[in-house]
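Structure at a glance
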Amino acid sequence: MPVQFCTGMYGNRQSSKPGGRARMELTKIQGASHDIEGLRTIVARQAISANALAALGLAMEARVQDKPLDSDTARRIEAVLGEFGVSGIVADASAAELAPVLAGIRVDLLSAVKLLSQPSADGETRRLEASMRQAFGDVSAGFPALLKRSIAPQLEGLLERLEAPGAAFLDIGVGVGVLSVSMLRQWPNLRAVGIDPLPDAIAQARSNIKAAGLRHRIELRIGLGQEIIDEDAFDLAFVPSAFIPDPQVRAIVARCRTALRPGGWLLLAMINPGPDALGAALARFRTTLWGGTVFENGEAEALVEQCGYADTRLLPGPAGAPITFVAGRKPG
Ligand SMILES: C[S@@+](CC[C@H](N)C(=O)[O-])C[C@H]1O[C@@H](n2cnc3c(N)ncnc32)[C@H](O)[C@@H]1O
């Protein structure tokens, strides 16, 4: 799921920070005048954010690909990173840590370009390009580390299950397979079944899984998550509701209960619009673009409970991302 850098929602202003260095601060634009000049001002301020994402992305791309930028570009980008105070982290973080953050930028910028170049396309058409699918997938590469570090320890028995011989993961909406690959790298005993209705996505997943040398541990299926017929087969089921239409998510959550082993966990990833009105409006806008579901307050927990899961709880997503997880356990 995308790790969003929320500059697109805000204007930027300079402020002095301890240490004497001026940094960009994110401030919501308020009180802009309602004439064409006011509109121009808003657009100009937001363009700063779009360009900042491009510069941050280029810096991270150079690190992830291990291909240094030419000296002029590097110098200019360094100045931008310096304004955000992130030069150190971009230089020191591992490629594996940077890749999902970079993918989040790609998702934001690619979907913006796609939307503006095909304004009347439906959600399905917009998402079809391979580069876009790969970017969405790459965002999820950071999830297994988060799951291990802060989510699974709160879900009774899940870590033990993922570590045990015969452990099984159900990846609904497997996309290009990045999440499954990362899960299998994190847990060496784990096997996965990934399902997705898009044959092109499954073909990309096949190629990514082959490149990762994990063909023997992942079964790919072309189909809909709500049509799986497995019973008592999985220890963890993952459902990315922000990409799946509402009635289908509901049917999938119900089906997963049958597919899970007794004591196994469902993780329903969902958009969390958050308390900020502009951020919330943008989160809903983007989710609708992707053809997915926005659950309003308490709706997702209610759905999971109604489907017969126990120990239902809401868990925070990655820092800064408008994502939350609802977890529920199959009784037994
Ligand atoms: C953004 S992708 C998830 C990325 C994935 N984690 C990866 O590593 O590539 C979401 C996927 O959900 C799939 N999807 C949408 N509706 C679905 C359904 N009813 N059942 C299963 N998958 C579905 C879409 O085709 C899309 O590929």
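Residues numbered from 1 in each chain as written. Predicted model: local features only at pLDDT ≥ 70, side-chain atom pairs only at ≥ 80, totals over all residues.

**A few points about the overall build of the chain**
Helix and strand counts for the chain come out as 13 helices and nine strands. In the chain, buried positions account for 41% of the 332 residues. In the chain, the share of contacts with a sequence separation of at least 24, taken over all contacts with a separation of at least 6, comes to 69%. (Helix = DSSP H or I, 4+ residues; strand = E, 2+ residues; numbered from the N terminus. Buried ≥ 20, exposed ≤ 12 C-beta atoms within 10 Å, placed from the backbone. Contact = placed C-beta atoms within 7 Å.)

**What about the pairing of strand β6 (residues 234-240)?**
Side-chain direction in a regular strand flips from residue to residue, so the side chains alternate between the two faces of the sheet. Burial within β6 is extensive, with seven of its seven residues counted as buried. Pairing analysis gives three bridges linking strand β3 (residues 168-172) to β6, with the strands arranged parallel. Bridging across to β6, Phe 169 finds its partner in Leu 236. For β6 and strand β7 (residues 260-271), the ladder comprises six bridges, and the chain directions are parallel. Residue Val 239 lies in a different strand from β7, and its bridge partner there is Leu 268. Of the crossover connections in this fold, the one passing from β6 over helix α11 (residues 246-259) to the parallel β7 is right-handed. (Pairing = 2+ DSSP bridges. Right-handed = clockwise from strand over helix to strand, strands pointing away.)

**Some points on the site of the ligand**
Within the structure, the ligand sits among 23 residues, and Gly 137, Gly 173, Gly 175, Val 178 and Gly 225 are positioned closest to it. Broken down by secondary-structure element, the contributors of at least two residues to the shell around the ligand are α6 (130-139), α9 (178-186) and β4 (191-196). Each residue belonging to the shell around the ligand can be placed in one class, and the counts come to 14 nonpolar, eight polar and one charged. (Near = placed C-beta within 6 Å. Nonpolar A, V, L, I, M, F, W, Y, C, P; charged D, E, K, R; others polar.)

**Topic: the pairing of strand β9 (residues 323-329)**
The buried fraction of β9 amounts to six of the seven residues, a majority that puts the element mostly inside the structure. Judged from the seven bridges that link them, β7 and β9 form a sheet pairing that is antiparallel. Pairing of Ile 271 across the sheet is with Ile 323, part of β9. Alignment of strand β8 (residues 310-316) against β9, held across five bridges, turns out to be antiparallel. Paired with Arg 313 across the two strands is Ala 327, which belongs to β9. Linking β8 to β9, which pair antiparallel, is a turn of six residues; within it Gly 320 sits at a positive phi near 80°.

**Describing helix α10 (residues 199-211)**
An ideal rise of 1.5 Å per residue puts 18 Å on 13 residues; α10 measures up with 18 Å between its terminal C-alpha atoms. Where α10 is concerned, the buried positions are Ala 201, Ile 202, Gln 204, Ala 205, Asn 208 and Ile 209. In an axial view of α10, the angular spread of the buried residues amounts to 160°, which keeps them on one side of the axis. Opposite the buried face of α10, by more than 90 degrees, sit the exposed residues Pro 199, Ser 207, Lys 210 and Ala 211. Against α6, α9, β4 and β5 (218-222) lie the buried residues of α10. After α10 finishes, the residue Gly 213 shows a positive phi value of roughly 70°. (Expected span 1.5 Å × (residues − 1). Arc of directions from axis to C-beta.)

**Topic: the packing of helix α4 (residues 95-117) against α6**
Between α4 and α6, the shortest axis-to-axis distance is 8 Å and the interhelical angle comes to 145°. In the packing of α4 onto α6, the handedness of the crossing is left-handed. Two secondary-structure elements touch here, α4 through Ala 99, Pro 100, Ala 103, Gly 104, Arg 106, Val 107, Leu 110, Ser 111 and Lys 114 and α6 through Ser 131, Met 132, Ala 135, Phe 136, Asp 138 and Val 139. Of the residues assigned to the contact of α4 with α6, the class counts are nine nonpolar, three polar and three charged. (Axes fitted to C-alpha atoms, helices over the stretch in contact; angles between N-to-C directions. Left-handed = near helix turned anticlockwise from the far one by under 90°.)

**Details of unusual backbone geometry**
One non-glycine residue, Asp 232, lies in positive phi territory at about 45°. Within the secondary structure layout, Asp 232 lies in the loop between β5 and β6. For Asp 232, a count of 12 C-beta atoms within 10 Å gives the class exposed.

**Quick notes on the sheet that holds β9**
If you trace the seven strands from one edge of the open sheet to the other, you get β5-β4-β3-β6-β7-β9-β8, paired in mixed fashion. Two strands close off the open sheet at either side, each with one partner strand: β5 and β8. Ignoring strand direction, the axes of neighbouring strands in this sheet form an average angle of 15°. Across the sheet, α11 touches β3, β6 and β7, and the angle it forms with β6 is around 175°.

**Re the environment of Ile 172**
Topologically, Ile 172 is positioned in strand β3. When the C-alpha positions of Ile 172 and Asp 196 are compared, they lie 6.7 Å apart, and in sequence the two are 24 residues distant. Apart from the residues lying within four places of it in its own chain, the contact partners of Ile 172 are Ile 195, Gly 225, Ala 237, Phe 238, Val 239 and Ile 252.

**Details of the nonpolar core**
Core analysis: the biggest nonpolar cluster contains 66 residues, and Ala 237, Val 239, Val 253, Leu 266 and Leu 268 have the highest contact counts within it. With eight residues, the top contributor of residues to this core is β7. The contacts of Val 239, once residues within four sequence positions are left out, are Ile 172, Gly 225, Val 249, Ile 252, Val 253, Cys 256, Leu 266, Leu 268 and Ala 269. Ala 59, Met 60, Leu 102 and Ala 103 belong to the second largest nonpolar core, which has 16 residues in total. (Core = buried A, V, L, I, M, F, W, Y, C linked by C-beta atoms within 7 Å.)

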